[in-house]
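Examination of the molecular architecture
Here is what each chain is made of, one letter per residue.
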Amino acid sequence: MENYTKLKELVASIEADAEKFFNNGNSAAGTRVRKGLQEIKTLAQEIRNEVTSKKNEKK
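Right, let's walk through the structure included here. (Residues numbered from 1 in each chain as written. Predicted model: local features only at pLDDT ≥ 70, side-chain atom pairs only at ≥ 80, totals over all residues. Heavy atoms only, no water.)

**A look at the pattern of salt bridges**
Inspection of the entire model under this criterion finds 3 salt bridges. With a closest N to O distance of 3.6 Å, Lys6 and Glu2 form a salt bridge. Separated by 4 residues within a single helix, Lys6 and Glu2 lie in helix 1 (residues 2-13), roughly one turn from each other. On the basis of relative accessible area, Lys6 is assigned to the partly exposed category, the value being 39%. In this structure, Arg32 engages Asp17 in a salt bridge whose closest nitrogen and oxygen atoms are separated by 3.0 Å. Taken together, the residues span a long stretch of sequence, with Arg32 in helix 3 (residues 27-57) and Asp17 in helix 2 (residues 15-24) at a distance of 15 residues. With a relative accessible area of 38%, Arg32 lands in the partly exposed category. With a relative accessible area of 13%, Asp17 lands in the buried category. (Salt bridge = Lys/Arg side-chain N within 4 Å of Asp/Glu carboxyl O. Helix = DSSP H or I, 4+ residues; strand = E, 2+ residues; numbered from the N terminus. Buried < 20%, exposed > 50% of the residue type's maximum accessible area, 1.4 Å probe, protein only.)

**Here we look at helix 3**
If you check helix 3, its first and last C-alpha atoms are 45 Å apart, about what 31 residues at 1.5 Å a residue would give, namely 45 Å. For helix 3, the complete set of buried residues consists of Ala29, Gly30, Val33, Gly36, Ile40, Leu43 and Ile47. Of the surrounding elements, those touching the buried residues of helix 3 are helix 1 and helix 2. A distance of 3.0 Å separates the backbone nitrogen of Ala28 from a side-chain oxygen at the start of helix 3, and that oxygen is part of Asn26. (Expected span 1.5 Å × (residues − 1). Contact = heavy atoms within 4.5 Å. Polar contact = N/O pair within 3.5 Å; in protein donor to acceptor, adjacent residues only side chain to side chain.)

**Focus: the side chain of Asp17**
Reaching out from Asp17, the side chain makes a polar contact with the side chain of Arg32 at a distance of 3.0 Å. Apart from residues lying up to four places away in sequence, Asp17 is in contact with Ala29, Arg32 and Val33.

**Considerations on the environment of Ala44**
By the element assignment, Ala44 lies in helix 3. A sequence separation of 37 residues divides Ala44 from Leu7, and the C-alpha atoms of the two residues are 7.3 Å apart.

So, to be careful, I would describe these as geometric facts and stop short of saying anything about function.
Written as structure tokens, this is what we have:
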């Protein structure tokens, strides 16, 4: 559950940069959004692995 909380915080942390990029065309903010999305992707994969592991433990 700890990683899930981190995921929610990470999504919230890139919101301001996403607004700057999409609404104002700020290229640096776009770079930060892409970096944040890569971190989200990595964390999401870790969560998937945890879920699969816990699911298989119950069998």
